[in-house]
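Chain by chain, the residues run as shown.
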Amino acid sequence: HFYKRCHLRQLRSERMVADDRLVLVSQAEFEEESLEDDDQPCQESLSHHQPPQGLLYLASLVAALGGVLFGYDVGVIAGARSLLAKDMNLTCQEEELVVSLMPLGAVSASLVSGWLLNTLGRKYSIQLTALMFTMGALVMGMADSLIVLLVGRFLVGFCVSLSAMSECIYIAEIARATHRGRLITLNELGITLGFLLAFIVNYIFMTVDSGWRYMFGLSGVVAAVQCVCMAFLPQTPHFLVIRGKEEQAGMVVKKMHGVGGMAAKREVAKIRTTHEKEKETSCTFLFSSVDNMRSRLVVGLGLVVAQQVTGQPNILYYATDIAQSVGFCGDLLSASATVLLGMVKVVATVLAMLLVDRVGREALTCLCSLTTRSGDRLNRNTSHLHPSAQVRYKVDPMVDTSSVRNCSLSPNRKPRTV
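What you see is a predicted model; the values in this text were computed from it and never measured.

Parameters at a glance
Residues numbered from 1 in each chain as written. Predicted model: local features only at pLDDT ≥ 70, side-chain atom pairs only at ≥ 80, totals over all residues. Heavy atoms only, no water. Salt bridge = Lys/Arg side-chain N within 4 Å of Asp/Glu carboxyl O. Helix = DSSP H or I, 4+ residues; strand = E, 2+ residues; numbered from the N terminus. Buried < 20%, exposed > 50% of the residue type's maximum accessible area, 1.4 Å probe, protein only. Contact = heavy atoms within 4.5 Å. Core = buried A, V, L, I, M, F, W, Y, C linked by side-chain atoms within 4.5 Å.

What follows is about the pattern of salt bridges. The full count for this structure, using the stated rule, is 4 salt bridges. A salt bridge links Arg81 to Glu95; its shortest N-O distance comes to 2.6 Å. Of this pair, Arg81 sits in helix α3 (residues 77–88) while Glu95 sits in helix α4 (residues 92–120), placing them 14 residues apart in sequence. Accessibility assignment for this pair places Arg81 and Glu95 in one class, buried. Here Arg272 and Glu246 are joined by a salt bridge, their closest N and O atoms 2.8 Å apart. Of the two residues, Arg272 sits in helix α12 (residues 261–280) while Glu246 sits in helix α11 (residues 246–257), which places them 26 residues apart along the sequence. On the basis of relative accessible area, Arg272 is assigned to the partly exposed category, the value being 32%. Look at the salt bridges and you will find they share partners, linking Arg81, Glu95 and Asp321 into a network.

Our next topic: the side chain of Asn187. Along the chain, Asn187 falls in helix α7 (residues 177–205). For Asn187, a relative accessible area of 6% translates into the label buried. For Asn187, the residues in contact, after removing those within four places along its chain, are Ala64, Gly67, Glu167 and Cys168.

Another point: the nonpolar core. Membership of the largest hydrophobic core comes to 48 residues, with the highest contact counts inside it found for Val98, Phe133, Leu149, Trp212, Met215 and Phe216. It is helix α6 (residues 146–174) that contributes the most residues to this core, 9 residues altogether. Look past the residues within four positions of Phe216 in its chain and what remains in contact with it is Val76, Ile77, Ala80, Ala137, Met140, Gly141, Leu149 and Arg153. In terms of nonpolar packing, the next biggest core, distinct from the first, is built from 25 residues, Tyr170, Ala249, Val252 and Val268 among them.

Position of Val160 among the secondary structure elements: in helix α6. Residues Val160 and Val74 lie 86 residues apart in sequence; the distance between their C-alpha atoms is 8.9 Å. Apart from residues no more than four positions distant in its own chain, Val160 is found in contact with Phe70, Met102 and Phe133.

Worth remembering: the numbers are spatial, not functional.
Dropping the structure here:
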């Protein structure tokens, strides 16, 4: 009987412990459900005032306006250069200097962009580039000498590099992981739309007196719009966490992602953990074999360098001259050919956005490389078929040919003497 009583007491105590555990679990589930219920009114009220994540897409589009400025200022020189050379009577070397000052400004910006992004933040860096874009457009549009024009080109080049980094980082840090890739490609789409816009503007003002002033100055309108719109958008949650403003970061996550309080706190906690890991990692991690980082770096840098050394940017800088050299006679007709080039770039970018997640990055990159190779071979095999492909210049026998300077590939453009 004694042992039976002890056994019964032990069973009762075990049942009591099990009942206590059940109560605790029920309380935890009730608290979690109540927290989710607290989140639902916030989500319902947010969705009542605006579509889900509407602010996220709006902020991404405003940031992507920098891509439009990027493409516009790169492509506009194709049409403005010939008009500029005629009005200012530039030599070959001076024309090349006007074109090359923009990449030089971009290189200088890459040296200080990291410090500016961490000091000012992503939002204010974008606003700074928009203001500098506007200043550069005004300087170039009102330039009365080569020196002033070169200053404007250098300023715009500085902004092109800084905006390319600040806008991509801004979009990446406000977006969710599920939407990040699609939203970042908006910047690339903006670049190609900028090319198309520049070529259209070149076509419109090609026959206007001093049309190059309008070509350069119109980019300031887009930059001013971006600067004003960014004033109403918040900083990124990552930058706010770095500055120790986690409460504000949570509010930004609520607005951008349309989630409740607890979900926002969890997102901020993830950002804080990621930032702490970044502080413990040095730059040498990029060259290590951990997580195959060295191979990733080689592939990423190799793709960027390959795009530049193939001369692809030069095609955009001298698009009108190249069009004239293959048979598009006259400035107006060659400018219309560049519009077709811009349309092809936009269509290709849209196709890449639609296929990159379905086909895969590696397969799409290999396909594009093979297409580029085939296009180059086709150009070499057919370049001799058109009679104007062989560029010939008529030289006056009374002119000393040693003093002739001509940069253009166009057979219709008269050489200038120095």
